Amino acid sequence: MTRIGQVMMLLHGGDREEARNRFGALWSEIGEDGDALHRCTLAHYMADTQDDPEDELLWDLRALSAAQGLDDQRVDQHHAGLAVRGFYPSLHLNLAADYLKLERREAARSHLARARSASDALADDGYGDGVRAAIDRLEWRLGEN
C-alpha cells in the first residue's frame, strides 16, 4: 500500500503517464489473484491514468470486482475502522461516469443509483461530502433530479 500511495502522489501531482507506468509495474507484481485490497486500490487509481474511456472502464470494473472479494477484517488491517461498504459509493460513481463518457446512459444511471443507495455508508466528513456532491453533479448531468 505504501508503494501504491507513492504512485498516487505522482498521479495527484499531474504526472499521469509516469503514474500509469508505475501502476502497471505494480499490477504485474500483484497479479490478478493478488491481495484484493491492493488490487482494488491500484485499479481504482489506475483508471484515473487512462486516456481511453474503455480502458478507464476496464480498470474501474477491476476495482469493483476486487472490492467484492474484500471483507471488513482485511480493510481494518490497513486502516482501523474502515469498512468495505464505504468503498462502493465511489466505485459505482466512477463506473457511472465511465458509462456516461461512453454514451451508455442506462448503465450510467444504474451505477449512479447504486452509488446513491450506497452513500449512506459515507461519513459526514470532507471525503463523504465530496463523493455525495459528485453523485449530485452526475445526477444533474444525467437529468436524474
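Note that this is a predicted model, so its numbers are computed, not measured. (Residues numbered from 1 in each chain as written. Predicted model: local features only at pLDDT ≥ 70, side-chain atom pairs only at ≥ 80, totals over all residues. Heavy atoms only, no water.)

Peer 1: So, the packing of aromatic side chains: which residues are in play, and what are the values?
Peer 2: As enumerated under the stated definition, the model contains one aromatic pair in all. One Lys or Arg, R62, reaches over the ring of W59 and ends 4.3 Å from the middle of that ring. (Phe/Tyr/Trp six-rings, centres within 6.5 Å; stacked < 30°, edge-to-face > 60°. Lys NZ or Arg CZ within 6 Å of the ring centre and 35° of its normal.)

Peer 1: Lay out the nonpolar core with the relevant residues and their values.
Peer 2: Counting residues in each nonpolar core, the largest one holds 43 residues, and the members touching the most others are F23, L42, L70, L91 and L93. Every element with two or more residues in this core is listed here: α1 (2-12), α2 (16-30), α3 (36-47), α4 (53-67), α6 (88-101), α7 (105-118) and α8 (126-142). With eight residues, α3 is the largest single contributor of residues to this core. In contact with L93, other than residues within four places in its own chain, are L112, A115, V131, A134, I135 and L138. (Core = buried A, V, L, I, M, F, W, Y, C linked by side-chain atoms within 4.5 Å. Buried < 20%, exposed > 50% of the residue type's maximum accessible area, 1.4 Å probe, protein only. Helix = DSSP H or I, 4+ residues; strand = E, 2+ residues; numbered from the N terminus. Contact = heavy atoms within 4.5 Å.)

Peer 1: Go over unusual backbone geometry with me, naming the residues and quoting the values.
Peer 2: Only a minority of non-glycine residues have a phi that is not negative, and only a minority of peptide bonds are not trans. A positive phi angle, near 60 degrees, is found at E103, a position not held by glycine. Within the secondary structure, E103 sits in the loop between α6 and α7. With a relative accessible area of 69%, E103 lands in the exposed category.

Peer 1: Break down the packing of α4 against α6 for me, citing the residues and quoting the values.
Peer 2: For the pair α4 and α6, interaxial distance at closest approach is 9 Å and the crossing angle is 155 degrees. With respect to their mutual orientation, α4 and α6 come out roughly antiparallel. For the crossing formed where α4 meets α6, the hand is left-handed. Side by side, α4 and α6 meet where P53, E56, L57, D60, L61, A63, L64 and A67 of the first sit next to Y88, L91, H92, N94, L95, D98, Y99 and K101 of the second. Taken together, the residues that form the contact of α4 with α6 break down as 10 nonpolar, two polar and four charged. (Axes fitted to C-alpha atoms, helices over the stretch in contact; angles between N-to-C directions. Parallel < 35°, antiparallel > 145°, perpendicular 65-115°, else oblique. Left-handed = near helix turned anticlockwise from the far one by under 90°. Nonpolar A, V, L, I, M, F, W, Y, C, P; charged D, E, K, R; others polar.)

Peer 1: Residues and numbers for the pattern of salt bridges, please.
Peer 2: Taken as a whole, this structure holds 12 salt bridges when the rule is applied. For the salt bridge of R3 with E29, the shortest nitrogen-to-oxygen distance reads 2.6 Å. Here E29 lies in helix α2 and R3 lies in helix α1, a separation of 26 residues in the sequence. Of the charged contacts in the structure, one is a salt bridge between R132 and D124, with a shortest N-O distance of 3.3 Å. (Salt bridge = Lys/Arg side-chain N within 4 Å of Asp/Glu carboxyl O.)

Peer 1: With reference to specific residues and values, describe the environment of R116.
Peer 2: Along the polypeptide, R116 turns up in helix α7. Spatially, the C-alpha atoms of R116 and Q73 are 25 Å apart, while their sequence positions differ by 43 residues.

Peer 1: How would you explain the environment of L93 if you had to name every residue and give the values?
Peer 2: When you line up the elements, L93 lands in helix α6. L93 sits 20 residues away from A113 along the chain, and the two C-alpha atoms are 8.8 Å apart.

Peer 1: Residue-level account of α6, with values.
Peer 2: Between its first and last C-alpha, α6 extends 20 Å over 14 residues, near the 20 Å set by a 1.5 Å rise per residue. Within the sequence span of α6, burial applies to Y88, P89, S90, L91, H92, L93, N94, L95, A96, D98, Y99 and L100. Elements that come into contact with the buried residues of α6 comprise α3, α4, α7 and α8. After α6 finishes, the residue E103 shows a positive phi value of roughly 60 degrees. (Expected span 1.5 Å × (residues − 1).)

That's the geometry; what it means functionally is another story.
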